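So you can see what is in the structure, the chains are spelled out below.
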Amino acid sequence: MNRVVTHELIHAFDHCRAHVHWFTDVRHLACSEVRAANLSGDCSLVNEIFRLHFGLKQHHQTCVRDRAILSILAVRNISKEVAQKAVDEVFESCFNDHEPFGRIPHNKTYARYAHRDFQNRDRYYSNI
Ligand SMILES: [Zn+2]
């Protein structure tokens with residue numbers, strides 16, 4: 001439940017913060033799906049298991065890419081190749097965009113750190 005709601009809230013966040021052309025530019029959708037898969041925990045459980053058992057550091061990235069492609073194909077009538085191309089074009093910058101968390105909340109500890117960062121967000125500039 002938390003993962004699904006977080007996933008959709010990432011889309012809502014993107015919709016509010018940028019002029020997203022959801023229906024006319026598939027790269028915009030691809031970017032939001034990459035972010036939602038990366039930040040919602042969609043890949044966390046699998047990721048943990050793979051890291052422990054196989055030590056595959058790249059697994060998280062692979063999982064995010066695959067999930068983003070599947071999400072696009074679920075809502076757009078386009079070929080897998082077109083979806084893959086869109087995801088690959090935006091992957092680098094969108095995978096590294098961790099707003100509004102400032103980090104990938106891989107587990108509860110990281111989520112706590114993200115919340116702590118959020119609570120401290122104005123500290124530095126308010127002292128100048
Ligand atoms: Zn989505």
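Scroll up for the structure.
These lines cover the structure that appears in this document, whether it is placed above or below.

Basis of the calculations
Residues numbered from 1 in each chain as written. Predicted model: local features only at pLDDT ≥ 70, side-chain atom pairs only at ≥ 80, totals over all residues. Heavy atoms only, no water. Donors = N, O, S within 2.8 Å, 3.2 Å for Na, K, Ca; no water. Tetrahedral: all angles 85-135°; square planar, octahedral: opposite > 155°, others 65-115°. Helix = DSSP H or I, 4+ residues; strand = E, 2+ residues; numbered from the N terminus. Buried < 20%, exposed > 50% of the residue type's maximum accessible area, 1.4 Å probe, protein only. Contact = heavy atoms within 4.5 Å.

Thoughts on the coordination of the zinc ion
Thought 1: Only H7 (NE2), H11 (NE2), E33 (OE) and E33 (OE) from the protein coordinate the zinc ion, and they sit 2.0 to 2.6 Å from it.
Thought 2: Between the four donor atoms coordinating the zinc ion, the angles at the centre fall across 53 to 154°, so the site counts as irregular.
Thought 3: Here the donor residues for the zinc ion map to a single chain with the spacing H-x3-H-x21-E. Of this pair, H11 sits in helix α1 (residues 2–17) while E33 sits in helix α2 (residues 26–39); the two residues are 22 residues apart in sequence, bridging distant segments of the chain.
Thought 4: Among the residues examined, E33 registers a relative accessible area of 7% and is labelled buried.

Examining the side chain of D42
Thought 1: Structurally, the position occupied by D42 is in the loop between α2 and α3 (44–54).
Thought 2: Judged by its relative accessible area of 8%, D42 falls in the buried class.
Thought 3: The contacts of D42, once residues within four sequence positions are left out, are R3, H7, A36, A37 and R67.

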